[in-house]
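# A structural walkthrough
Spelled out, the chains give:
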Amino acid sequence: MKKTQLASCFIAVSLVGTNQLAQAADPAHPDQPTVAPAEAISRLKEGNGRYTSGNLQHPSQTAERRTELAKSQHPFAIILSCSDSRVPPEIVFDEGLGDLFIVRVAGNVLNDEGLGSIEYAVDILGARLIVVLGHQSCGAVDAAMKTVAAKGKAPGHIQSLVTAIKPVVEATAKDDLDTTVKANVKHVVQALRSSTPILKAKVDSGEVQVIGGYYSLDTGAVSLLDEK
């Protein structure tokens, strides 16, 4: 195949891929207006209130909703949450299919893959609220504190979590676990707010809001650490 033909094929494939991505995301769908950060926060608070009071609605979990989402998705918020099995965001906030875009990793730390996922949800899907959700008695933060204190090294790839959390551990060396958990949430919030090239400009303009949250294992309540 000649070079010009090969180049033409490559361009055609690239255009098809781009069009498919845009169609799958469809952020400007007229039936799905963008949810402002303040409204998204209100919805999360209301959902968590239902959860803590035991009045769960389990919304958006019907066959009709599943069919509706087959062609596009429009999550109203992004949650960067710890992987802890006791803190499933959809349940904690009483939301359903297509409502939340979830990125989960132990210690709710930020890595390139997680950041890319968040950027996709903001830039392609149109979500305007990002919540970094830490929780009471976080095992990843606890392990990082103990490993740093012992001047040791965690086994296998667990060390990557320790490395990510270490700056916060060192900055809160005299504090207890939950204080360090909240400090870790705030650290990740600041990292997202200052992330270029996509997030910082949107945060600075007010288009996107990034806040921290803390989940109580005892009560099930999520307290917002700030709403800047």
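Sequence order as written defines the numbering, with residues in each chain counted from 1. Residue-level local features of this predicted model are given only where pLDDT is at least 70; pairs of side-chain atoms are given and counted only at 80 or more, and the full residue set underlies all totals for whole chains, interfaces and linings. Calculated side-chain values reflect all of the structure's heavy atoms, with hydrogen atoms and water omitted.

Before going further, it helps to examine the overall build of the protein. When helices and strands are counted, the protein shows nine helices and five strands. Buried positions account for 39% of the 228 residues belonging to the protein. Residue contacts follow a heavy-atom distance rule, with two residues in contact if any of their heavy atoms lie within 4.5 Å. The contacts in the protein between residues at least 6 apart in sequence include a share of 71% that link residues at least 24 apart. Here, Shrake-Rupley sampling with a 1.4 Å probe gives the accessible areas, and only protein chains in the shown set may cover a residue. Total accessible area on the protein stands at roughly 12200 Å², and carbon and sulfur atoms take up 55% of it. Secondary structure elements follow DSSP: runs of H or I no shorter than four residues count as helices, runs of E no shorter than two count as strands, and numbering proceeds from the N terminus. In this scheme, a residue with accessible area under 20% of its type's maximum is buried, one over 50% is exposed, and one in between is partly exposed, where area comes from a 1.4 Å probe on protein chains only.

Attention now moves to the packing of aromatic side chains. What counts as a ring pair is set by centres within 6.5 Å for rings of Phe, Tyr and Trp (its six-membered ring), and what kind of pair is set by the plane angle: stacked under 30 degrees, edge-to-face over 60, tilted for all other angles. Evaluated as defined, the whole model comprises one aromatic pair. With centroids separated by 6.3 Å and ring planes inclined at 40 degrees, the aromatic side chains of Phe 101 and Tyr 120 adopt a geometry described as tilted. Pair noted here: Phe 101 is in strand S2 (residues 100-104) and Tyr 120 is in helix H5 (residues 112-123), with a separation of 19 residues, a long-range link. Residue classification places Phe 101 among the buried residues on the basis of a relative accessible area of 15%. Judged by relative accessible area, Tyr 120 falls into the partly exposed class, the value being 26%. Of note, Arg 43 hangs over the ring of Phe 76, and the distance from its end group to the ring centre comes to 3.8 Å. In our convention, an over-ring charge means Lys NZ or Arg CZ found within 6 Å of a ring centre and within 35 degrees of that ring's normal. Positioned above the aromatic ring of Tyr 214, the side-chain terminus of Lys 182 is 4.6 Å from the ring centre.

In this section: unusual backbone geometry. With an omega of 10 degrees, the peptide bond running from Thr 196 to Pro 197 counts as cis. Positive phi is not limited to glycine here, since Ser 137 has a value of about 55 degrees. Residue position: Ser 137 is located in the loop between strand S3 (129-135) and helix H6 (139-149). The backbone phi angle of Lys 151 is positive, close to 55 degrees, even though this residue is not glycine. Tracing the backbone shows Lys 151 in the loop between H6 and helix H7 (158-171). By relative accessible area, which is 78% here, Lys 151 ends up exposed.

Lines fitted to C-alpha atoms define the axes, with helix axes restricted to the stretch in contact, and inter-axis angles between N-to-C directions lie between 0 and 180 degrees. Packing of H7 against helix H8 (residues 177-193) leaves a shortest axis separation of 9 Å and a crossing angle of 120 degrees. Judged by the inter-axis angle, H7 sits oblique to H8. For the pair H7 and H8, the crossing hand works out as right-handed. Note on element contacts: H8 touches H7 through Thr 180, Ala 183, Asn 184 and His 187, opposite Ile 165, Val 168 and Val 169. Under the scheme applied, nonpolar residues are Ala, Val, Leu, Ile, Met, Phe, Trp, Tyr, Cys and Pro; charged residues are Asp, Glu, Lys and Arg; polar residues are all the others, including Gly. Of the residues assigned to the contact of H7 with H8, the class counts are four nonpolar, three polar and no charged. Note on terminology: angles under 35 degrees are roughly parallel, angles over 145 are roughly antiparallel, angles of 65 to 115 are roughly perpendicular, and the others are oblique. When the near helix sits turned anticlockwise from the far one by under a right angle, the crossing is termed left-handed; a clockwise turn instead gives a right-handed crossing.

A word on the sheet that holds S2. Paired strands, in this sense, are two strands between which DSSP finds at least two bridges. Taken in spatial order, the five strands of this open sheet run S2-S1-S3-S4-S5, and their pairing is mixed. Since the sheet does not close on itself, it has two edges, and those belong to S2 and strand S5 (222-224), each with one partner. On average, adjacent strands in this sheet sit at an angle of 25 degrees to one another, irrespective of strand direction. Strand direction decides the pairing type here: S3 and strand S4 (residues 209-215), joined by seven bridges, are parallel. Looking at S4, one finds that His 135 is bridged to Tyr 215.

This part covers the pattern of salt bridges. Salt bridges are defined as contacts in which a side-chain nitrogen from Lys or Arg sits within 4 Å of a carboxyl oxygen from Asp or Glu. Tallied over the full model, the rule gives nine salt bridges. For the salt bridge of Lys 166 with Glu 170, the shortest nitrogen-to-oxygen distance reads 3.9 Å. Placement of the pair is Lys 166 and Glu 170 together in helix H7, with a separation of four residues, close to one helical turn. With relative accessibility at 37%, the residue Lys 166 sits in the partly exposed group. Linked through salt bridges whose partners overlap, the residues forming this network are Arg 65, Glu 68 and Asp 99.

Positionally, Ile 91 belongs in helix H4 (residues 89-92). Classification of Ile 91 as partly exposed rests on a relative accessible area of 46%. A sequence separation of 33 residues divides Ile 91 from His 58, and the C-alpha atoms of the two residues are 8.1 Å apart. Non-local contacts of Ile 91, meaning those with residues more than four positions away in its chain, are made with Tyr 51 and Leu 56.

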